Amino acid sequence: MSRHAATGVTWVDAWEPAAGAERAAAAFRARFDAEPDGVWSAPGRVNLIGEHTDYNGGLCLPIDLPHRTYVALRRTSAAGTPGAADAVVRLASAQEPDAGLWSAPLADTGPGRVDGWPAYAAGVAWALGAAGHTVGGFDAVVDSCVPYGAGLSSSAALECAVAVALDEAFGLGLADDDAGRTRLVAACIRAENEVAGAPTGGMDQSASLRARAGHALLLDTLDQSVRHVPFDLAGSGLALLVIDTKAEHRLADGQYAARRTACEAAARQLGVATLREVRPDGLDDALARIADADLPADVTRRRVRHVVTEIARVETFVALLDAGRVRDVGPVMDASHASLRDDYEVSAPELDVAVDAARAAGALGARMTGGGFGGSAIALVEVGAVDDVAVAVARAFDDAGFHPPAFLVAEASGPASRTA
Ligand code: ADP
Ligand code: MG
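Quick notes on the rules
- Residues numbered from 1 in each chain as written.
- Chains lettered and ligands numbered in written order.
- Predicted model: local features only at pLDDT ≥ 70, side-chain atom pairs only at ≥ 80, totals over all residues.
- Heavy atoms only, no water.
- Helix = DSSP H or I, 4+ residues; strand = E, 2+ residues; numbered from the N terminus.
- Rg over C-alpha atoms; globule rule 2.2 N^0.38 Å.
- Buried < 20%, exposed > 50% of the residue type's maximum accessible area, 1.4 Å probe, protein only.
- Pairing = 2+ DSSP bridges.
- Contact = heavy atoms within 4.5 Å.
- Axes fitted to C-alpha atoms, helices over the stretch in contact; angles between N-to-C directions.
- Salt bridge = Lys/Arg side-chain N within 4 Å of Asp/Glu carboxyl O.
- Expected span 1.5 Å × (residues − 1).
- Arc of directions from axis to C-beta.

Caption draft 1: Up close: the overall build of the chain. Helix and strand counts for the chain come out as eleven helices and 15 strands. A globule of 420 residues ought to have a C-alpha radius of gyration of about 22 Å, and the chain, at 21 Å, matches this closely. For the chain, the spread of C-alpha atoms along the principal axes amounts to about 60 × 55 × 40 Å. Taken across its 420 residues, the chain has 57% of its residues classed as buried.

Caption draft 2: The sheet that holds strand β10 (residues 225-230), seen in detail. Overall, antiparallel pairing links the three strands, which are arranged β4-β9-β10 in an open sheet. Two strands close off the open sheet at either side, each with one partner strand: β4 (59-60) and β10. Strand contacts of helix α5 (residues 203-210): β4, β9 (215-220) and β10, with the helix running at about 135 degrees to β9, the strand carrying the most contacts. Lying on the sheet, helix α8 (residues 297-322) is in contact with β4, β9 and β10; it crosses β10 at an angle near 40 degrees.

Caption draft 3: How the structure looks around the pattern of salt bridges. Applying the stated criterion to the full structure yields 27 salt bridges. The partner of R45 in a salt bridge is D204, and the shortest N-O contact between them spans 2.8 Å. One end of the pair, R45, is in strand β3 (residues 38-47); the other, D204, is in helix α5, and 159 residues separate them in sequence. Accessibility assignment for this pair places R45 and D204 in one class, buried. In this structure, D139 and R90 form a salt bridge, with 2.9 Å as the shortest nitrogen-oxygen distance. Of this pair, D139 sits in strand β8 (residues 138-144) while R90 sits in strand β6 (residues 88-93); the two residues are 49 residues apart in sequence, bridging distant segments of the chain. What makes D139 buried here is its relative accessible area of 1%.

Caption draft 4: Highlighting helix α1 (residues 17-32). Taking 1.5 Å of rise per residue, 16 residues should cover 22 Å, and α1 covers 22 Å from first to last C-alpha, within 8% of that figure. Regarding α1, the residues found buried are G20, A21, A24, A25, F28 and F32. Angularly, the buried residues of α1 cover 130 degrees about the axis, an arc narrow enough to put them on a single face. Turned more than 90 degrees away from the buried face of α1 sit A18 and A30, all of them exposed.

Written out as structure tokens, the structure is:
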């Protein structure tokens, strides 16, 4: 983290990849007194638009951050060799110094077996094995500059860095093309859902493994197909400011699951597999058919309205990008925020203040991003106004009695890969 003297606000800088790799490698050497086989890394992501759509068969549009999680890893036993059943996984993270070294038999890395942060890493080895891609024992050390629990997907960055590391260390060959990467995505999702126990959709892992530098990833979660949409803000004199509100999201886990359950219940009432099947021109008709159930009908209607209109907003946003009209996406971002705040009810006071202050300071558009209840907001701003908008947001936080936020500037960066 750095504090720009000129502005007095806190910026979270991305590490240069070579520096990040050296940090992880040095920590590996110190921990295991050995050289790692290599260092792999994977980015956090920020979603431009399409929130809470990924578990509804919808569309989303993330970009990869320049902020990455680095994993230095060494294979300690080959998969499928004699003694492979005794293979051991050992893990440490610079972000979890108190946890020290975690160690368990590879056979004990599945659901219900791993507590705490190692679930996100060891769970990937289990999920790969469960999909028939057998791995063996390994040692790994993690270091990261992805803000933790800020809605920028440090969890997927960890999973995906481990996935590409295991892929190469055990010769799986999945990271070599998009079809294979899609299978790595599936393993990372299973690790997060089933081993770490977080019921998230697949946007984060797809972004971290399948996006491209200089592009936003249009992900269709119905069939996992993607399109790489050129996303060049600098060419238009713009920048994407990310505001980490630092708000504690205490209720987040239960609320996320509750939203997911509400959408699934609504889809059942409407007789559709996912809410993706409800198109905007059929929305009124669908809403009229929703009845009181576990949730009052009016609550379910608002949840459905968010999902259906949000998917349409992704389409609008992408059409504007395709037409070279990135300067016109601001109102679409604003509408997304209002829908998440009022219909889906996943915003937080800090997110609303961040968005309002950014707009008042000249942002073309702003919205919460990620699951909500805290985490981060994004604002589209003129390149020359980045500092001014950040200062204005920090001042608004101070006035509201919130903890100081942190800021980063997002440029569409590259996906998970070997770094050293
Ligand atoms: P987000 O993905 O938005 O950052 P999550 O709650 O989904 O937030 O994931 C954060 C969790 O992921 C952490 O609490 C930790 O368990 C795990 N994690 C992420 N990055 C690391 C890391 N560098 N080292 C150890 N654990 C990590
Ligand atoms: Mg996460």
